[in-house]
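# Coordinate inspection notes
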Amino acid sequence: MPILNWLGRDDALKTATNTPYRLLEEVPELGYGDKTKENMIIQGDNLEALKALLPFYAGQVKCIYIDPPYNSCKAEDILYDDNIEHSQWLSIMYPRLELLYEFLREDGTIFVQLDDDEIAYMKIILDEIFGRNNFINQVSVKMKQSSGASGGGEDKRLKKNIEYILIYAKNMNAFTSFNPLTEEQDLFELIEEMREDGKSWKYTRVMVSLGNREFFKEIQDGTGKPIKIYKHSNVIMKNISDLMKEENLSEEDCYIKYFDRIFRDTNAQSSIRTRVQEANEGYEFVSIDYYPISGKNKDKLTTLYYKGLKCDLLAWLSDVAIKKKNSIVKLEKLGTYWDGFPLNNLTKEGNVRFPNGKKPESLINRVLELATNKDDLVLDSFLGSGTTAAVAHKMGRRYIGVEMGNHAITHCVPRLKAVIDGERSGISKSVNWQGGGGFRFYKLGEQIFDADGCINENISFENLSAHIWFTETKTPFNKPTEKSTYLGTCDNVSYALLYNGILRDKRVDGGNVLTNKTLNVILDDMKHQPYEKLVIYGESSRISPARLKTLHIEFKQTPYDIKAR
């Protein structure tokens, strides 16, 4: 697979590995609301913040959305350095994407939004990190109105009003599909467009009466489920054009009046159709009641209507459209061109000003509707004004947002406080947001290891446990409810740590040395469950290597055997 080369690439490939692990320090006064909720805002460099989060959240995130610096903005009133030399921009992005990959669940997805200055280069490095076979879509998003000045008399280019979102799966084999979403189009505008293109609109017939229904017979589908067949007499079907003349109705009024009875014929290629065709004995109009084998309606009784000796299935307009007041809206499956976002009022959303980078809440809402469900974990490591966190909060998703600089405090915190208090901008009305919830605020603390690789004397048992667990297992550490020397078992290997007076007594070096007594404490903490192999970290061991081997124990000495990175 082709890869991208640039000045500084070799160093960029090592950056994520060489970035030190740091502590996360909570700032309670900047958090708000119910702090038992698993929502976090972190102030600091996102590379270091991601590294600090990794031991706890690797493989846990369902959806990542980022809109990093576009490396294109020349405006003076910006909050990001958005005009970085190209090679430097690539060296910034590559290690961050490497870490973001580690956060995703196997069925998770990442959405990366940029404009045309760097999107092609981003595609190449995402192909390298995520794998070309995990590419899902490139979406074009209308982000500016087309009218107005082109941006200055010296600008020789066309006005930019489109941005792009690259979508990748962590693992295409584990990724099933996006949640089904639709876009709306006025039905009568659609009909007119089709006529102008010389195409025919197929929903032109009306089932004025289904006639008298009479039970005919019962058959079975391929799984043995019953299918009840009914025959109908005195069925009345008419064309829209005839009804317009008979009732002196306009075309629009006719569609609105008979909305629930408008249909078209379709050739239903299914085993159900074949069985009904074989069993209906020539009746001109039949219906069947049955329970679908699978799908969201599998436990719901469904009625299908067939007509003609060939058993053409009736497809109803009401299945693909909705009535809105005095109009009908056709629902189309969401494609890769997105528009219709409220760009003119964007500055008012969230009551925070963020020029040249703020995204509409409805855009993030669409992303999260596609890729997440309630309580899923969402991550945005370029949080900006806090839009992703605000939308995730209103939609009932858990979230982690990382933002550098002081506007993590001046923009993100007040915006989320307002969300918790029930503010009504953005998507609040459409999702019926009433307020509630909470978040915790963190800043980056000290490094876990100093420049010489020694453990920071201020590190807690919990943080060192998380670091050891993650470096050993590459899985997130689930913090126990009670302090215990036993960290857990992964892939038939159990882990324990003697550190920082965990035993709370005056045994050798505060209980940090492996002795027969401290080993018994570890086994007690493990509730003497059998193990294939036990790895114990401690300052030193007073048990002979031969006995450790007999007990299937591997001893590792702190700090020397702890990987600093």
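Predicted, not measured: the structure shown is a model, and the values here were computed from it. (Residues numbered from 1 in each chain as written. Predicted model: local features only at pLDDT ≥ 70, side-chain atom pairs only at ≥ 80, totals over all residues. Heavy atoms only, no water.)

## Some remarks on a negative patch on the surface
Selection rule: Exposure above 30% relative accessible area and no salt bridge define the residues that can form patches, which grow by joining like charges within 9 Å and nonpolar side chains of Val, Leu, Ile, Met, Phe, Trp and Tyr within 5 Å. Only the protein chains shown count as cover for residues, and the accessible areas themselves come from Shrake-Rupley with a 1.4 Å probe. For this analysis, a salt bridge means a side-chain nitrogen from Lys or Arg found within 4 Å of a carboxyl oxygen belonging to Asp or Glu. Note that His is not counted, nor are the chain ends; the positive residues are Lys and Arg, and the negative ones are Asp and Glu. By convention, the point assigned to a charge is CZ for Arg, NZ for Lys, CD for Glu and CG for Asp. Secondary structure elements are taken from DSSP: a helix is a run of H or I of four residues or more, a strand is a run of E of two residues or more, and numbering for both begins at the N terminus.
A cluster of acidic side chains, namely Glu189, Glu192, Glu193, Glu196 and Asp197, defines a negative patch on the protein surface. On the secondary structure map, Glu189 appears in helix α5 (residues 187–196).

## Regarding the environment of Met93
Put simply, the rule is: Only protein chains enter the calculation, and the probe is 1.4 Å; a residue is then buried if its accessible area is under 20% of its type maximum, exposed if over 50%, and partly exposed in between. Only heavy atoms enter the contact rule, under which two residues are in contact if any of them lie within 4.5 Å.
By the secondary structure assignment, Met93 is in helix α3 (residues 86–103). Look at Met93 and you get buried, because its relative accessible area is 1%. Spatially, the C-alpha atom of Met93 lies 8.9 Å from that of Ile125, the residues being 32 residues apart in sequence. Dropping the residues within four chain positions of it, Met93 is found in contact with Ile66, Pro68, Met122, Ile125 and Phe382.

## Details of the nonpolar core
Selection criterion: Note on terminology: a nonpolar core comprises buried Ala, Val, Leu, Ile, Met, Phe, Trp, Tyr and Cys residues joined through side-chain atoms within 4.5 Å.
In terms of nonpolar packing, the biggest core is built from 68 residues, with Ile64, Leu97, Phe103, Ile110 and Met122 touching the most fellow members. Apart from residues lying up to four places away in sequence, Ile110 is in contact with Ile64, Leu97, Leu100, Leu104, Phe130, Leu166, Ile167 and Tyr168. Membership of the second largest hydrophobic core comes to 44 residues, among which are Leu30, Cys63, Ile165 and Val413.

## Looking at the packing of helix α2 (residues 46–57) against helix α12 (residues 461–473)
Stated formally: Orientation is described by axes fitted as lines to C-alpha atoms, over the contacting stretch for helices, and by angles from 0 to 180 degrees between their N-to-C directions. Put simply, angles under 35 degrees are roughly parallel, angles over 145 are roughly antiparallel, angles from 65 to 115 are roughly perpendicular, and the rest are oblique. The residue classification treats Ala, Val, Leu, Ile, Met, Phe, Trp, Tyr, Cys and Pro as nonpolar and Asp, Glu, Lys and Arg as charged. All others, Gly included, are polar.
Contact pair α2 / α12: the axes reach a minimum separation of 8 Å and the direction vectors enclose 75 degrees. Considering their axes alone, α2 and α12 lie roughly perpendicular with respect to each other. Residues Leu54, Pro55 and Phe56 of α2 form the contact with α12, whose participating residues are Asn463, Ala466 and Phe470. Its residues assigned to classes, the contact of α2 with α12 comprises five nonpolar, one polar and no charged.

## Section: α12
Cut-off, in case you're wondering: Expected helix span is taken as 1.5 Å per residue step, with the number of steps being one fewer than the number of residues.
With 13 residues, α12 extends 18 Å between its outermost C-alpha atoms, agreeing within 8% with the 18 Å of an ideal straight helix rising 1.5 Å per residue. Most of α12 sits out of view: ten of its 13 residues are buried. The set of residues buried in α12 consists of Phe461, Leu464, Ser465, Ala466, His467, Ile468, Trp469, Phe470, Thr471 and Thr473. Check the buried side of α12 and you find it contacts α2, β23 (486–490), β24 (493–497) and β26 (533–538).

## A few points about the sheet that holds β23
Which entries qualify depends on this criterion: Two strands are counted as paired when DSSP detects at least two bridges linking them.
Within the open sheet, the four strands sit side by side as β23-β24-β26-β28. Their pairing is mixed. The strands lining the two open edges of the sheet, one partner per strand, are β23 and β28 (553–557). Across the sheet, the mean angle from the axis of one strand to that of its neighbour is 20 degrees, orientation sign disregarded. Inspection of the sheet shows β23 paired to β24 by four bridges, in the antiparallel sense. Across the sheet, residue Tyr486 finds its bridge partner in β24, namely Ala496. Contacting β23, β24, β26 and β28, α12 crosses the sheet at an angle of about 15 degrees to β23. Contacting β23, β24, β26 and β28, helix α13 (residues 516–525) crosses the sheet at an angle of about 125 degrees to β26.

## Observations concerning α3
Operational definition: Whenever two N or O atoms come within 3.5 Å, that pair is a polar contact, provided that in protein one can donate a hydrogen and the other can accept it, and provided that, for residues adjacent in sequence, both atoms are side-chain atoms.
Between the first and last C-alpha of α3 there are 26 Å, a value that for 18 residues agrees with the 26 Å anticipated at 1.5 Å per step. The inward-facing, buried residues of α3 abut α1 (9–18), α2, β4 (61–66), β5 (104–114), α4 (119–130) and β20 (377–380). A distance of 3.1 Å separates the backbone nitrogen of Ser87 from a side-chain oxygen at the start of α3, and that oxygen is part of Glu85.

## Side note on the pattern of salt bridges
Under the defined criterion, the tally for this structure stands at 28 salt bridges. As a salt-bridge pair, Arg132 and Asp127 come within 3.4 Å of each other at their nearest N and O atoms. For Asp127, a relative accessible area of 6% gives the class buried.

## Re the side chain of Asp115
Its place among the elements puts Asp115 in the loop between β5 and α4. Here Asp117 takes part through its backbone nitrogen, which lies 3.1 Å from a polar atom of the side chain of Asp115. In this view, Asp115 contacts Tyr70, Ser72, Lys160, Glu163 and Tyr164; residues no more than four positions away in its chain are not counted.

## Section: the packing of aromatic side chains
Given two aromatic rings, one states the distance between the centres and the angle between the planes to describe the pair. Heads up, the condition is: Under the pairing criterion, centres of Phe, Tyr and Trp rings, with the six-membered ring standing for Trp, must be within 6.5 Å; the plane angle then separates stacked pairs below 30 degrees from edge-to-face pairs above 60, leaving the rest tilted.
One pass over the full model with this rule turns up 14 aromatic pairs. Residues Trp469 and Phe477 carry aromatic rings whose centres are separated by 6.2 Å and whose planes lie at 55 degrees to one another, so their mutual orientation is tilted. As far as the burial class goes, Trp469 and Phe477 line up, both buried. Every member of this aromatic cluster is reached through a ring pair, and the members are Tyr101, Phe130, Phe135 and Tyr168.

## Thoughts on unusual backbone geometry
In this structure, Asn351 takes a positive phi of about 60 degrees despite not being glycine. Along the chain, Asn351 turns up in the loop between β19 (337–338) and α9 (361–371). Looking at Asn351, the relative accessible area reads 63%, which means it is exposed. Positive phi, close to 65 degrees, is recorded for Asn492, a residue that is not glycine. On the secondary structure map, Asn492 appears in the loop between β23 and β24.

## Observations regarding the sheet that holds strand β8 (residues 182–186)
Taken in spatial order, the three strands make up an open sheet running β8-β18-β17, and their pairing is antiparallel. Both edges of this open sheet fall to β8 and β17 (321–324), since each of them pairs with a single strand only. This sheet shows a mean twist of 35 degrees between the axes of neighbouring strands, independent of strand direction. The pairing of β17 with strand β18 (residues 327–333) spans four bridges and is antiparallel. Residue Ile322 lies in a different strand from β18, and its bridge partner there is Val329. Packing against the sheet, α5 makes contact with β8 and β18, and its axis sits at approximately 75 degrees to β8.

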